[in-house]
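Commentary on secondary and tertiary structure
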Amino acid sequence: MPAVSKGDGMRGLAVFISDIRNCKSKEAEIKRINKELANIRSKFKGDKALDGYSKKKYVCKLLFIFLLGHDIDFGHMEAVNLLSSNKYTEKQIGYLFISVLVNSNSDLIRLINNAIKNDLGSRNPTFMNLALHCIANVGSREMAEAFASEIPRILVAGDTMDSVKQSAALCLLRLYRSSPDLVPMGDWTARVVHLLNDQHLGVVTAATSLITTLAQKNPDDFKTSISLAVARLSRIVTSASIDLQDYTYYFVAAPWLSVKLLRLLQCYPPPEDAALRGRLTECLETILNKAQEPPKSKKVQHSNGKNAVLFEAISLIIHHDSEPTLLVRACNQLGQFLQHRETNLRYLALESMCTLASSEFSHEAVKTHMETVINALKTERDVSVRQRAVDLLYAMCDRSNAKQIVAEMLSYLETADYSIREEIVLKVAILAEKYAVDYTWYVDTILNLIRIAGDYVSEEVWYRVIQIVINRDDVQGYAAKTVFEALQAPACHENLVKVGGYILGEFGNLIAGDSRSSPLVQFNLLHSKFHLCSVPTRALLLSAYIKFINLFPEVKATIQDVLRSDSQLRNADVELQQRAVEYLRLSCVASTDILATVLEEMPPFPERESSILAKLKRKKGPGHLPDINNTRRNVNGSSDHTETNEVTNQDSTPSFTDLLNLNSSPSTGASLLVDAFSSSSTPASIDVNEENFSRFVCKNNGVLYENHLLQVGLRSEYRQNLGRMYVFYGNKTSAQFPSFSTSLNVHNKAVDPIIDGGAQVQQILNIECVSDFTDAPILNIQFRYGGTLQNIAVKLPVMLNKFFQPTEMTSQDFFQRWKQLGAPQQEVQKIFKAKNPMDKEVTKAKIVGFGVALLEGVDPNPENFVGAGIIHTKSTQVGCLLRLEPNTQAQMYRLTLRTSRDTVSQRLCGLLSEQF
Amino acid sequence: MFGVCSQDESEVWPKMQFMLLFSRQGKLRLQKWYVPLSDKERKKISRDLVQTILARKPKMCSFLEWRDLKIVYKRYASLYFCCAVEDQDNELITLEIIHRYVELLDKYFGSVCELDIIFNFEKAYFILDEFLLGGEAQETSKKNVLKAIEQADLLQEEAEAPRSVLEEIGLT
């Protein structure tokens, strides 16, 4: 036997494992396994009842086979049988099998839960622990349903053993994570917090994890944990290393518990109480001081344990972001680690400094380490460390160091790992745009990007450079000159041809005075690239050519010859052929004036969030990217914040990509000309905005929709089945909105076609409720801004409850009618969680706003609300009774509606239940 | 990308998502999942991650970003120990979780080697459950964890003994 075998030896199992290890090939292994599976199956099916030991052995073999990566489709029942064995070892294997091979077979789940229930109630701590481990390992919803209310009781019971408490705390944590709705808050929560004071450090360790997770979701309920956590932490950091006995890890006092306590404190802002705050600051200072002390051991475990606590303390300091001295000390400490011989520490220092860079207190301190970080970029051998260095350079970049950082990133890009090139390209593009003082630098940087890493330059990046050049006339001449020069290179990236073609098509005239870049030279240069390019680029170049015909009448004949050639007019690609035919025809029939109008310079693009920034955010996920716009407070002044407000409304306006549509392939079809001058650039379907819809259920006035251009306000009045709605459209910009129109999927009066900058126009809608309904009308709004057609669709808040007439009635009447409406389909009930604080007055106001009469003194329970009203439609009237029962302890409501019509009950219940 | 690995607003996922032990040859020796994943997803994750880590050079950093997770790993003799934690989690303490687990195995088996874990895989799971539960450190004291396991072993022997006696006299 090659291995020790404590306790029992399952000899058969050991032999089987040896056999498997001796298999020379995958086929032999599969053969041996199939043989064993057949054997086990026959044993399980055999007439002779198996004893517990054999059952255990076979179940264990099945488990082994499963862990080797093979499928197991039987044996579950035998494993469940083992659970009810009174022999610990059999029970244990049964639980292990269930934990590893859970099956959602509902019959089994019931049996498993039964066995668990027995063990939980056995008062035998080892059995209880096995059961708790199993629940924690499986963590399924069925188990949460069965045990979520039982476990808190075990956790806080006075006579529960410490080890069971530990398991119960983490078991509950697992259930709360997978099914938070099933874990009821209650009296036990206060007692759980006090486990932070427990004498047994293992109990404190387990409880802290549970409390942290609960506090993240219910911070108010666990506020008392702050002072207890600080007290505990303070005792740990000031203890001598032997005080905590076995909880000391390589001379570090309770590192796991310390990290968890520091994590718990990150759920809250700095303590308000000055004494408590002082005590916490002392703890943090002590931890920072210890980092400077000579190590008590040379072992890496000692330094790791110590630094784990240190990094968590720094996270808390950054989270509080309120003590400049601590922030600067943290930064200096990390600065030391940047040059540490341990790769792990250098990695972590770079990572942690990234977050420090976003604090106004430490941003400058972080910047002092720039040279070290640049050096890391050049010398680190591990790509994951270099990636951290790139992130940090990006985070510490501001106007003062942008040129140097961008230059370093560009030079790193030449040799960078392929896996991180695209991200570096995006970062360089963003920094170059954000910190460009003169835009010639910006243009140079982007062209360099295309030159160095053309394949990694996404559409967003080169769209953006064109957008910026078009919007800034001071850089257009320079851009034309630079792309012209860059295109001289014998081999240039196709992205450069796209940018070059577009820019010369628009602004080639600005450099045409120089004989070295005369119109013909420009054209020949572009056309020399034509045949090497893909179809979308060729389509773009054809558009550039027709623009040349307008800019330079002297090359018209040359270009017409090119367009007329068979390779264009008879091109197999339908898009290219169509462009060639249309452009050729246009150049022949149109007068100079018409040509000049049709091919006019592109109008400026509306300013909005850089689409590259959005792309980087998508790529990294919101949590990963230090947002250089939002998070750095005050450092760069308010001018940097201008772009950020527009982010949220991206969806409602056509994205920049649609707008340019340069990359048109045959399938999308649209040509440059069409994009620029027709209004058909509207996306086929736009999302209907209903963000504010539910706010109008209980009120009639307010702002329905708002983006950076337009605000739509509402005022409405209803009487019986009729309503009148005043819609106000406010232009938030200084420019005029021409071609303003709205349409409704029901009849409405026309609105003024133009809204002046800053002005507001009003539209009146008359509404009649013909019969009960669910869907609300959609209001479509269209107007032009900055050359683009804006399209907005908003759901108008016309809901059934608007046609309520409140009805007062006595308690006796109410209950009589309530009984009359007793048919099952007439009643709709919904139980739901409170989304807002449960305030009695607010609830009353909402019910009245909903349109019914609030009936006082009807319900025997004064906490409950009842109401009555009649819905008026043209054809009929529907009486309606409602009852709302709040349960403040569980933070839940039960809403019951009874009306004579089931569709009405359902709709009203749906509308009202969203309001609390 | 696996949906379950990403942070969802409505649900809180554990900090540690899973732990894998595998050999230099890429054979999985232990797998512990703290998030619900299908068997297929587990296999794909293990395969991809084992390849990624085996491709790394010895002196490289113990941490790497992988999908939207952070991987913390360390090699002990022929075995790689690897934990997947959330991006914001403490890497160094996770590294020491691995070390403490190795210490526990070492103490229990007496200078542990890969074969011990192969032949006594169930014990490796039991020890892990005493130490970590639901992906969180349950008991960090080496003494306490081993005490719990040894108590269980004692129960085992008591339970085993009567069986053979009864068997001998033919009562089963």
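Residues numbered from 1 in each chain as written. Chains lettered and ligands numbered in written order. Predicted model: local features only at pLDDT ≥ 70, side-chain atom pairs only at ≥ 80, totals over all residues. Heavy atoms only, no water.

A few words now on the confidence of the model for chain A. Residue and element names in this part refer to chain A. For chain A, per-residue confidence averages 84 on the pLDDT scale, and residues scoring 70 or more make up 89% of the total. For chain A, per-element mean pLDDT is lowest for helix α36 (residues 672-677), which scores 28, and highest for helix α14 (residues 255-265), which scores 96. Counting interchain partners and residues more than four positions distant, the pLDDT-below-50 stretch residues 1-7 has 18 contacts. Long-range and interchain partners of residues 622-685, a stretch whose pLDDT sits below 50, account for 134 contacts in this model, where long-range means more than four residues apart. (pLDDT = per-residue confidence, 0-100. Helix = DSSP H or I, 4+ residues; strand = E, 2+ residues; numbered from the N terminus. Contact = heavy atoms within 4.5 Å.)

Residue and element names in this part refer to chain A. Unlike most non-glycine residues, Y250 shows phi in positive territory, near 50 degrees. One can find Y250 in the loop between β1 (248-249) and β2 (252-253). By relative accessible area, which is 23% here, Y250 ends up partly exposed. Backbone geometry places Q891, a non-glycine residue, at a positive phi of 55 degrees. Residue position: Q891 is located in the loop between β15 (877-887) and β16 (892-899). (Buried < 20%, exposed > 50% of the residue type's maximum accessible area, 1.4 Å probe, protein only.)

Bringing the interface of chain A and chain B into the picture now. Each side of the interface is counted separately: chain A has 84 residues, and chain B has 73 residues. Taken over both partners, the interface formed by chain A and chain B buries close to 6900 Å², and the fraction arising from carbon and sulfur atoms is 55%. For the pair chain A and chain B, the number of links is 27 residue pairs in polar contact (both at pLDDT 80 or more). Looking at the side of chain A that touches chain B residue by residue, the classes come out as 36 nonpolar, 28 polar and 20 charged. (Buried area = accessible area lost by both parts, 1.4 Å probe. Polar contact = N/O pair within 3.5 Å; in protein donor to acceptor, adjacent residues only side chain to side chain. Nonpolar A, V, L, I, M, F, W, Y, C, P; charged D, E, K, R; others polar.)

All names here are of chain A. Strand order in the open sheet formed by four strands is β3-β10-β9-β7, with mixed pairing between adjacent strands. One side of each edge strand has no neighbouring strand; the edge strands of this open sheet are β3 (688-689) and β7 (741-744). Examined bridge by bridge, β7 and strand β9 (residues 778-785) share four bridges and lie antiparallel to one another. Within β9, the position partnered with S743 by the bridge is N780. (Pairing = 2+ DSSP bridges.)

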